[in-house]
Amino acid sequence: MTDIIERLNTALAGRYDIQGELGAGGMATVYLAEDLKHERQVAVKVLHPELAAALGSERFLREIKVTARLNHPHILPLLDSGEADGFVYYVMPYVEGESLRHRLNHEKQLPVHDALKIAREIAAALSYAHSSDVVHRDIKPENILLAAGTAVVADFGIATAVSAAGGQRLTETGLAVGTPAYMSPEQGAGSGELDGRSDLYSLGCVLYEMLGGQPPFTGATVESVVRQHLAAKPPPVTQLRDTVSAEVVGVLDRLLAKAPADRFRSATQAAEALTPDAATPAPRVPRRTVPHRAAMYVAVALAAAAVGIWFLSGTLRPNRAGQGPTLAVLPFENLGPASEEYFADGITDEITARLAGIAGLSIIARQSAVQYKKSPKTPQQIGSELGVDYLLEATVSWQRSEDGTSRVRVRPQLIKTTDATHVWADIYDENLTEVFEVQTNIAEEVSEALGVALLAPDRQTLDVIPTDDLQAYDFYLQGNEYIKRTISEEHLQVAESMYGQAFELDAKFALAAAQLSKVHSWMYWYYYDRTEERLTKAREAVDKALAIAPDLPEVHLALGELYYRGPLDYDRALEEFSIAARQRPDDSQVLQDIALVQRRQGKWQQAAETLARVSQLEPRNASNALQAGITYLFLDDYQEAERHFGRAMAFAPDQIRPYVWLARVHLSWRGDTARAREFIQEADRVDPRVLDPQAWWHWALFRILDGPSERTMERLAQLNVSRGQQTPVDSAFYYLSTAGLYDLRDQVELAQAHYDSVRLVLEPRVAQQPNEARFHSDLGIAYAGLGRNREAAEQGELAVRLLPISQEAILGPDQVMKLAQIYVMVGEYDAATERLEYLLSIPWWISHHWLRLDPLWEPLRDHPRFQALLEQFDSGER
């Protein structure tokens, strides 16, 4: 370094005195220098030798002169440029302060007003430069200087000069102009013709990072990041920062649009949109403030005590006598930036899976272990709660080099839970290409430390390498990260893109193909794309996986998901899940999938027994506890339902679903509206929106507890905004629920207007998908509201025929209840009561207390048969 500075001082003698290095970037090394003529400090930037050789100094210096003409308060000016002793350099003022990168490094997320102000000033600089036909091409936090509270853009026009000077020679060297994390899709695709809208996309990436704490896309390689810019949607910034307003989200969406034509027309227009007012959330939908977390947990503790938290005592400790050592793999700690969290999580999952395949070890599945991520609890506390003998924890970090190579450093340690002693520890520092070998070695060392001998099948499991393509593996891990989150259309679309790119890179990557098939099945099941084309894609992906690895459990799980979510062929779904279970008898997720299918088949008691087995394997699995509670609610075993929902609430106090299901229990069990309201209030404190993706199931709660009040209308509006009418089912549900509320208010004209909206949404859907029972039943309710009685009954009856209870024990009864509703609306009270009698005779959630409270059945109150039905239950007869 001293030699280079001495050479520079010799070459620039009489003009600049180089005092030291400030830093290095992708194109140049920056030195602090004294401008001897003007007696001021400046930053001298010297192009990297290989870049200078590729460009040719004469053309680069000619191209950079364009930048010297820029004069704007938010643009760092070019003072000088030249060549000396083989060094190609340019000079800019030295700005005291920090770069935006430095500020992000220590603050992660900026206040929204600060982020908008910085983005607005960058946009102003871009607007001025674009008017002079200068495109920056490398907008990133490192090039944004913060001086005296003002943002100044550095290196304006340098990237353009590099591109113009380098031409084909630059491409041949493999040197890229631009930074992958902030590169526009057209820039990533190698387009030579870029205009100012490319800079706007980069500005969007910078704004996203200022708000969310990480760039929109990250990955193990440059190629993986560029591919995401080309094809994937970034995670909504509100997932990283829920205080970002809808207006700011809208600005980000336009800046980050894939097609330049969909972005702002100019930087001026973008600057106008980045007003301070955009930082304030719009007051359209009232929203209560979530309390401080400590206060929230006090409320949670009170609620848990109310349902009897005694169940957390020794009854949940699994009995694994004779099954060898018990082990929980805690979420590995990511030592890198937050954007690499998915990689550490992926390593955790892979090692958990490898250990689970070793006979003689009992492994707690990730659903129970994940709650201890960054937990302050001691090993003794965690061991007691999970009922395990040992904990495996580790730290994970990537070490990346400028030459594109990467190393992975994993530091695992095995801890005995009785006394917190370290049984084994090691450090693995390998090239990223050896990541699978690291996973295998850790599993081997753990089994050896625990005295568990590896059998031949164990060795075969450990030696499996899912793919030889690390970039494909990176896409696969990112896909896994998205499907772990709350199921939404956007998450599934990103996961689909990630798995698709993984399989495109490695056509033998069976795991990626299996996961891709699952995503297609879920897109169909959740009504995001309820088409045969989507099911065909699911089938094609799983067929490819079967051809590659017919014995892989994940492939059979994917095929089971297809049968489950698509044609509702539960017998075949159960066959596939059972194949996976034979290979993984202690895999709690496989067993839970089997239980869910058993419920759909009407095998309620078997499902309860299967879920009890899952509780043994995963004593603190909130999802399993919730499913067990639902199963017992449908079996009318309200005491057990309450106990399991209480477990779910204790394990996951920041999730709203256990509270809402507990409210349902108390309405169905005793008709206790006061107790139900207490749980809804607790849910409101956890999440003021209350309604979750299962809102269709829970909507009747608010019809009972609040009637057609303004609060109920407000909740419905919140649901409509939060779900965004993502599918025809969402919009039909909103219109139908709103119409029903107006009916209860006797506002006939408003009710009929909304029923007609349901008709307009669903009639085309019924024509396109005539076998979709739900579309027919909802359309039947709309026809009834419009006075088209005969057509209403026909639609409702057809829905029951299309989805009989013998085929579907959960969705089938729902069609019967909607038919009963239609009969009430058209005045056929005997027929309505007959259907309700039947629903009370089978496993389902409805009860006589519910029927008495729900205003939906108000017209039946004076009907003799309905009165007799309620009296029969009041007297204890069944």
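Here's what I pulled together on the structure shown here. Worth saying up front: this structure is predicted, and the values here are computed from it rather than measured.

This part takes up the overall build of the protein. When helices and strands are counted, the protein shows 40 helices and 15 strands. Expressed as a percentage of the 878 residues in the protein, the buried residues total 55%. Considering only residue pairs separated by 6 or more positions, the protein has 64% of its internal contacts joining residues 24 or more positions apart.

Our next topic: the packing of aromatic side chains. Summed over all chains, the structure comprises 15 aromatic pairs. Relative to Tyr476, the ring of Tyr473 has its centre 6.3 Å away and its plane inclined at 25°; by these criteria the two rings are stacked. Taken together, the residues Tyr473 and Tyr476, both in helix H19 (residues 470-484) and three residues apart, mark about one turn of the helix. With a relative accessible area of 7%, Tyr476 lands in the buried category. Look at Tyr476 and Tyr499: their rings are 6.0 Å apart centre to centre, the planes differ by 50°, and that puts the pair in the tilted class. In this pair, Tyr476 is assigned in helix H19 and Tyr499 in helix H20 (residues 489-505), connecting sequence segments 23 residues apart. Comparing Tyr476 with Tyr499, the two get one shared label, buried.

Now for the sheet that holds strand S2 (residues 28-35). Ordered in space as S1-S2-S3-S5-S4, the five strands form an open sheet in which the pairing is antiparallel. The open sheet terminates on both sides in strands that have one partner only, identified here as strand S1 (16-24) and strand S4 (80-84). Neighbour to neighbour, the strand axes of the sheet diverge by 30° on average, direction disregarded. Relative to strand S5 (residues 87-93), strand S3 (residues 40-47) runs antiparallel, the two sharing five bridges. Paired with Val42 across the two strands is Pro93, which belongs to S5.

Let us look at the pairing of S3. Burial of S3 is extensive: six of the eight residues sit out of reach of the surface. Summarising the sheet, S2 and S3 pair through eight bridges and their orientation is antiparallel. If you follow Leu32 over to S3, its bridge partner there is Ala43. Once S2 ends, the chain turns through four residues before running back antiparallel as S3, passing Glu39 with a positive phi of about 55°.

Time to look at the packing of helix H4 (residues 100-107) against helix H8 (residues 196-212). It is the contact of H4 with H8, at a shortest axis distance of 10 Å, that shows an interaxial angle of 30°. Between H4 and H8, the angle is such that the two are roughly parallel. Seen along the crossing, H4 lies across H8 with a hand that is left-handed. Contact residues: Leu100, Arg101 and Leu104 in H4; Val206, Glu209 and Met210 in H8. Grouping the constituent residues of the contact of H4 with H8 by class yields four nonpolar, no polar and two charged.

Another point: unusual backbone geometry. Look at Lys108: it is not a glycine, yet its phi comes out positive at around 65°. Despite not being glycine, Asp636 shows a phi value in the positive range, around 65°. With respect to the element layout, Asp636 can be found in the loop between helix H27 (622-634) and helix H28 (638-651).

As a further point, take the pattern of salt bridges. A full pass over the atoms with the stated rule returns 43 salt bridges. Notably, a salt bridge pairs Asp349 with Lys484, separated by 2.5 Å at the nearest N-O pair. Placement of Asp349 in helix H14 (residues 341-356) and of Lys484 in helix H19 is noted, with a sequence separation of 135 residues between them. Of the charged contacts in the structure, one is a salt bridge between Glu496 and Arg534, with a shortest N-O distance of 3.2 Å. You can see Glu496 sitting in helix H20 and its partner Arg534 sitting in helix H22 (residues 532-548), a full 38 residues away along the chain. When its relative accessible area of 7% is taken as the criterion, Arg534 is described as buried. Taken together, the salt bridges that share partners define one network made up of Arg101, Glu142 and Glu209.

Attention shifts here to H22. With 17 residues, H22 extends 25 Å between its outermost C-alpha atoms, agreeing within 8% with the 24 Å of an ideal straight helix rising 1.5 Å per residue. For H22, the set of buried residues is Arg534, Leu535, Ala538, Ala541, Val542 and Ala545. Viewed along the axis of H22, the buried residues span an arc of 125°, placing them on a single side of the element. In H22, those exposed residues whose orientation departs by more than 90 degrees from the buried face are Glu532, Glu533 and Ala547. On its buried side, H22 packs onto H20, helix H21 (510-525) and helix H23 (553-565).

So, about the side chain of Thr326. Tracing the chain through its elements places Thr326 in strand S9 (residues 326-329). A distance of 2.8 Å separates the side chain of Thr326 from the backbone nitrogen of Asp389, its partner in a polar contact.

Contact pair H23 / helix H25 (residues 588-600): the axes reach a minimum separation of 12 Å and the direction vectors enclose 20°. Classified by the interaxial angle, the pair formed by H23 and H25 is roughly parallel. Taken as a pair, H23 and H25 cross one another with a handedness that is left-handed. Residue-level inspection shows Leu557, Glu561 and Tyr564 of H23 in contact with H25, the latter providing Val590, Asp593, Leu596, Val597 and Arg600.

Attention shifts here to helix H30 (residues 673-686). For H30, which comprises 14 residues, the first-to-last C-alpha distance of 20 Å matches the rise-based estimate of 20 Å (1.5 Å per residue) to within 8%. Capping of H30 at its N-terminal end is provided by Asp672; its side-chain oxygen lies 3.3 Å from the backbone amide nitrogen of Ala674.

Below, the discussion takes up the sheet that holds strand S6 (residues 98-99). Sheet strands pair by backbone hydrogen bonding; their relative direction is either parallel or antiparallel. Taken in spatial order, the three strands line up as S6-S7-S8 in an open sheet, and their pairing is antiparallel. The strands lining the two open edges of the sheet, one partner per strand, are S6 and strand S8 (150-153). Here four bridges tie strand S7 (residues 144-147) to S8, and the two strands are oriented antiparallel to one another. The residue of S8 that forms the bridge with Ile144 is Val153.

This part is about the environment of Asp586. In this structure, Asp586 sits in the loop between helix H24 (570-583) and H25. Residue Asp586 is classed as partly exposed on the basis of its relative accessible area, which comes to 35%.

Conventions used here
Residues numbered from 1 in each chain as written. Predicted model: local features only at pLDDT ≥ 70, side-chain atom pairs only at ≥ 80, totals over all residues. Heavy atoms only, no water. Helix = DSSP H or I, 4+ residues; strand = E, 2+ residues; numbered from the N terminus. Buried < 20%, exposed > 50% of the residue type's maximum accessible area, 1.4 Å probe, protein only. Contact = heavy atoms within 4.5 Å. Phe/Tyr/Trp six-rings, centres within 6.5 Å; stacked < 30°, edge-to-face > 60°. Pairing = 2+ DSSP bridges. Axes fitted to C-alpha atoms, helices over the stretch in contact; angles between N-to-C directions. Parallel < 35°, antiparallel > 145°, perpendicular 65-115°, else oblique. Left-handed = near helix turned anticlockwise from the far one by under 90°. Nonpolar A, V, L, I, M, F, W, Y, C, P; charged D, E, K, R; others polar. Salt bridge = Lys/Arg side-chain N within 4 Å of Asp/Glu carboxyl O. Expected span 1.5 Å × (residues − 1). Arc of directions from axis to C-beta. Polar contact = N/O pair within 3.5 Å; in protein donor to acceptor, adjacent residues only side chain to side chain.

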